[in-house]
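Structure assessment
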Amino acid sequence: MILVFTGGTGGAKLVQGLHQIVVPEDLTVIVNTGDDLDWWGLHVSPDIDSVLYALAGLLSPDRGWGVDKDSFRCLERMQQLGQPAWFALGDLDLATHLTRTAMLRAGKSLSQATAELAAKVGIRVRVLPMSDDPVATVLDTAKGTLKFQEYFVRERHQVEVRRVRFEGAHRARPAPDVIESIAAAETIIFAPSNPVTSIGPILSVPGIRDALRQAKAPIAAVSPIVGGAAVSGPAAALMKMMGWPSTISGIAKVYEDFLDVLIADRADEPEAAALRSGGLRVLCTDTIMNSPASRRALARFALEACGVVPQ
């Protein structure tokens, strides 16, 4: 079984690549839920939805989020009625959140709701939220305390961040099958997601990092940093705020207690050589996923780096 940890746009792309070359039943994806929010009274799980839409062939390739070719008439009407409209939900996307919220209100867990949503669109890959308990990524900024989506979407991640917290993490438990999947995995891959706000919340859930330290499977991480800059989003700035260099060395530092191989872009070959001299296995390839073929190629490279020969 191939296990992937992910959150955000880059992670969904790598999952798409893996889905092209791995038997769906042999692929499990553990997804960040620190970005989840209540919007118009609905439970929205942006990272879970991106993974589900990616696996179902519904993800918008232009935006990198939401349903392809969606309309936004409800959003426009809500704005006319004086409701908050800075977080864009498409009309088809809205159906997902209505369904999820109904399931949760009926007493189902987020794991159960996610599995049912996946089944309804024909997904055979197992998609697991990191936890069924609420964990919220909160940022202390120059504009005060902001929840993740307020920082990332409303403020366009343009405000200075002074601290990142994962509220509720100390009380949270890993979702069912998360720890078991880590123990049973043949290969574990960390997608090129923001290490602070996409992967950080997952690792903050008690028991997950310990399970990774004890895992028998090789663990690879694909760097979201290329040439000292984030491929997208605020990863570089947030890494600097945390005291890590915004380089592949910083990525290696984040995962140093369980990482076996770091996959970096060819642009970072000089720094990769330095890391190799320190004993870390670092492999370089093209990591920019701007086409189905490039996603498939990176997925194949990551598997082969861990000793797996994909189909």
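Residues numbered from 1 in each chain as written. Predicted model: local features only at pLDDT ≥ 70, side-chain atom pairs only at ≥ 80, totals over all residues. Heavy atoms only, no water.

Attention now moves to the nonpolar core. Nonpolar side chains in soluble globular proteins tend to be buried together. Membership of the largest hydrophobic core comes to 51 residues, with the highest contact counts inside it found for F5, I182, I188, F190, L212 and Y255. When neighbours within four sequence positions are excluded, I182 is seen to be in contact with L3, F5, I188, I208, A211, L212 and A215. Ranked by size, the runner-up nonpolar core spans 36 residues in total, among them V22, L52, L110 and A302. (Core = buried A, V, L, I, M, F, W, Y, C linked by side-chain atoms within 4.5 Å. Buried < 20%, exposed > 50% of the residue type's maximum accessible area, 1.4 Å probe, protein only. Contact = heavy atoms within 4.5 Å.)

This part covers unusual backbone geometry. Positive phi is not limited to glycine here, since K69 has a value of about 60°. In this fold, K69 is placed in the loop between α2 (46-56) and α3 (73-80). Unusually for a residue other than glycine, H157 sits at a positive phi of about 45°. Within the fold, H157 resides in the loop between α6 (148-154) and β8 (161-167). (Helix = DSSP H or I, 4+ residues; strand = E, 2+ residues; numbered from the N terminus.)

Once that is clear, we can look at the packing of α2 against helix α4 (residues 91-105). Where α2 meets α4, the axes come as close as 12 Å, and the angle between the chain directions of the two elements is 120°. If you check the angle between α2 and α4, you find them oblique. When the axes of α2 and α4 are compared, the crossing they make is right-handed. Residues I48, D49 and Y53 of α2 form the contact with α4, whose participating residues are D93, T96, H97 and R100. Among the residues making up the contact of α2 with α4, the classes are represented as 2 nonpolar, 2 polar and 3 charged. (Axes fitted to C-alpha atoms, helices over the stretch in contact; angles between N-to-C directions. Parallel < 35°, antiparallel > 145°, perpendicular 65-115°, else oblique. Left-handed = near helix turned anticlockwise from the far one by under 90°. Nonpolar A, V, L, I, M, F, W, Y, C, P; charged D, E, K, R; others polar.)

Note: strands within a sheet are paired through backbone hydrogen bonds, in either parallel or antiparallel orientation. Taken together, 3 strands build an open sheet; the order of strands is β7-β6-β8 and the sheet is antiparallel. Only two strands of the sheet have a single partner each, and these edge strands are β7 (144-147) and β8. Pairwise comparison of adjacent strand axes, ignoring direction, gives a mean angle of 25° for this sheet. (Pairing = 2+ DSSP bridges.)

So, on to the environment of V261. The residue V261 is located in strand β13 (residues 261-265) in this model. Residue V261 is classed as buried on the basis of its relative accessible area, which comes to 1%. Taking C-alpha positions, V261 is 6.9 Å from L280, a pair spaced 19 residues apart along the chain. Ignoring any residue separated from it by four or fewer positions in sequence, one finds V261 in contact with I219, A220, A221, R281, L283 and C306.

This is a description of form; function is not addressed.
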